[in-house]
Amino acid sequence: RDQLMVANDQRFVEPAIYAVDPSVFEIFSLELLNGSESQALGTGPSIAVSETFAKKYFGRTDVVNETVIFRAEVPLTISGVFKDMPSNSHFVMDVVVNFEWAMNAFDQDLSRWNNNPYYTYLLLQEDIDIEVLEQKLFSIREKYANDPMDEDGQLYTYYLQSLSEVHFSENINGSMGPQANASRLHIFTGIAFAVLLMAGINYVNLATARAMVRMKEIGIRKIMGADRWSLLSQFLIESSLLVFLSLFLALLLAYALLPAFSAFVNRPLSFDFLNPIFWLQILIFGLLIALASGLYPALVMSSFNPLFAINKRGSFKNSGYLRSGLVIVQFGLSAILISCTIVLQKQLSFINTLDTGYTREQVLVLSIVDNRIAEGMPSYMEELEKLPGVEAVASSWSLPTNVTTNTEANWPGIDDAERIPMYMLGITHDFFDVYELELKAGRLFDPEIKTDESAIILNEAAVKSLGWQDPLGREMIKQNGQIGTVIGVVKDFHIQSLRQEIEPLQIVLSPDYPTLAVRISGGLVSTIMAIEDVYESFEPSYPFEYRYFADIYNTEYAEDTKTAKLTMVFSLLAMLIACLGLYGLAAHIATRRIKELGVRKVLGATSLSIARLLFTDFLVLIGVASLIAAPITYFLALRWLEGYAYHFDLNAIPFAMTWLILLAFAGITVGYHTVQAAFCNPVEALRDE
């Protein structure tokens, strides 16, 4: 957790402090700028710091033998300065302290094998067999653990994970660094290619439509001696110039928007313009796009018969079917993006309105990292309870949204077959009032009843897993070996993300105070100021900090919110591209059918019937695109929703909304040319005939 560091009249709360073995410099290839590897961590109260840390506190990097005060209490000597770790590393360290010294100095127990708050990294030989090594991990535990278990009673599975795979490990809790969602990356990669495909389709559609306009030019060039290869080369060069000009503008725009996008996704992003591989990739990418989008129109235009072309009677087979098929692909992709956006928004709305079992509003979570606050917690909590705007104060091992401590359900006379995993949460008495948890049976902890110190409260999921019809009065063996009695059952609340089912939970009274929460009933601003005054009265070294519980809850789904926003932006971009292509295609079709429409009007067709005729063609294309996109979208949405144990019921509403949106956009796009063609003067259309 964050720790206060003081040096050279500078005070900062540092988040990247790690207790490590000296071998860290060998395993992670940290480059020392000052000091030696053998002495960088020493054996006593010494630390190694990053160059950024050194410059922040001292303005230079030659700071070996300088002193830094840890938590405003413990003096530490700097014995080494290492080069900054890359910002995209698995984790980033700014301060490292000797692991063995830290464990002894802060009375940490390393003998408990059922507690694993530490991370172990191995540097393996190149020819090592990973599977064989993994099997040996069980024998190591059996040899050194203070509670060895046989194979049948083994609670934990040990395995090795490649460091290169850590970043995309979505199903591992407690990773040292931020993890990325591989499926989300695949989603955005797919969207990017979909948008690019739609732009390519636009080019093919409009280029083949313009081929009719360039027929005379092509015929004259062929009569003058141009062969098909020279024409093909010309058209491919034209498309390549257009692609590379667009690529250049795209790079400029991406470079300008990258800082804002990087801040939005909370990831350090940059272009490596000095890397020749980057420019080689851009070149290959541009050539592939130019070839993919320009080859077919080039083949079409270079194939015209010169005599027919000069008379403007050239054509190519199935051009209408091709353009219709490409329009269907465009609007099908748009339909998928729009439907997925609607599904994302509906799931986020479901998350925000779901009854999670606890109240998130009007609850503050206070920082208690300061030693003076932590050591005086009972007094601190009593002072907070006296404030007029404070309704309840409670501490717990963790927030109710992130319960991680787990054990096994245990009671006198238990059989091995009856063992079930169970989460555990230590709290103080007012925890239920702070979060407004609902009691289903029995009673809550009572400060007036001394025996409640060993009592236990279960959630509904625990009672169901245990199979107890009447859990009240049943005895259970707690983690410390003490026998406690079940006094109550609370309604299930989501102890972890909505992606997971509600797990069995036992709640106990505990004097530990890692997390402190306050329920406010009065004026928010004035109450927070009063809480800060109480905090300052304890003369802490750390600045006063607090967070809203509702914000902490929403942070769990911040990535999903960002995904929904980005998908919405890409969907609008895709619709814009599709509509631009449809606009050009509608203009071309209206121009080509102008004489047909004139004949129809002379024979008695009304302007309304002609408008309906023209619009029906596009309506059919949109309908076909929607029908094709619907099952694809349903499959993708269902797969994404399966990542949540709790989600809304997928129905036809997102697909109906998508069709209406497509219809509205298409109607606006082709409306101008449709109306113009429908109300044209037939005399003007037929005067050349």
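Below: a short report on this structure. (Residues numbered from 1 in each chain as written. Predicted model: local features only at pLDDT ≥ 70, side-chain atom pairs only at ≥ 80, totals over all residues. Heavy atoms only, no water.)

**Regarding helix H8 (residues 228-265)**
Move 1: Maximal helix bending in H8 amounts to about 50°, located at Leu258; proline Pro259 follows within four positions.
Move 2: Leu231, Leu232, Gln234, Phe235, Leu236, Ser239, Val243, Leu247, Leu251, Leu258, Ser262 and Val265 are the residues of H8 that are buried. (Bend = angle between axes of the 7 residues up to and from the residue. Helix = DSSP H or I, 4+ residues; strand = E, 2+ residues; numbered from the N terminus. Buried < 20%, exposed > 50% of the residue type's maximum accessible area, 1.4 Å probe, protein only.)

**Regarding a nonpolar patch on the surface**
Move 1: A surface patch of nonpolar side chains, about 550 Å² in accessible area, is lined by Ile277, Leu280, Leu283, Ile284, Leu287 and Leu288.
Move 2: Within the element layout of this structure, Leu288 appears in helix H9 (residues 276-301).
Move 3: Residue classification places Leu288 among the exposed residues on the basis of a relative accessible area of 52%. (Patch = residues over 30% accessible without salt bridge, like charges linked within 9 Å, V, L, I, M, F, W, Y side chains within 5 Å. Areas by Shrake-Rupley, 256 points an atom, 1.4 Å probe, with all protein chains shown as cover. Salt bridge = Lys/Arg side-chain N within 4 Å of Asp/Glu carboxyl O.)

**Description of the packing of helix H13 (residues 377-385) against helix H16 (residues 524-537)**
Move 1: It is the contact of H13 with H16, at a shortest axis distance of 10 Å, that shows an interaxial angle of 150°. Of the possible angle classes, the one that applies to H13 and H16 is roughly antiparallel. Judged by the twist between their axes, the crossing of H13 over H16 is right-handed. Contact residues: Tyr380, Glu383 and Leu384 in H13; Ile531, Val534 and Tyr535 in H16.
Move 2: The class makeup of the residues in the contact of H13 with H16 is five nonpolar, no polar and one charged. (Axes fitted to C-alpha atoms, helices over the stretch in contact; angles between N-to-C directions. Parallel < 35°, antiparallel > 145°, perpendicular 65-115°, else oblique. Left-handed = near helix turned anticlockwise from the far one by under 90°. Contact = heavy atoms within 4.5 Å. Nonpolar A, V, L, I, M, F, W, Y, C, P; charged D, E, K, R; others polar.)

**Digging into the packing of aromatic side chains**
Move 1: Counted under the stated rule, the structure contains 29 aromatic pairs.
Move 2: Between Tyr546 and Tyr548 the ring centres are 5.8 Å apart and the planes differ by 90°, which places this aromatic pair in the edge-to-face class.
Move 3: By relative accessible area, which is 31% here, Tyr548 ends up partly exposed.
Move 4: Taken together, the aromatic side chains of Tyr358, Phe431, Phe432, Tyr435, Phe445, Phe493 and Phe549 make up a single cluster linked through ring pairs. (Phe/Tyr/Trp six-rings, centres within 6.5 Å; stacked < 30°, edge-to-face > 60°.)

**Some remarks on unusual backbone geometry**
Leaving glycine out, the prevailing phi sign among residues is negative, and the prevailing peptide bond configuration is trans.
Move 1: Phi is positive for Gln362, close to 60°, though the residue is something other than glycine.
Move 2: Inspection of the secondary structure assignment puts Gln362 in the loop between helix H11 (319-353) and strand E9 (363-366).
Move 3: Residue classification places Gln362 among the partly exposed residues on the basis of a relative accessible area of 36%.
Move 4: Although it is not a glycine, Glu436 adopts a positive phi angle of roughly 55°.
Move 5: Position of Glu436 relative to the elements: it lies in the loop between helix H14 (431-435) and strand E13 (439-442).

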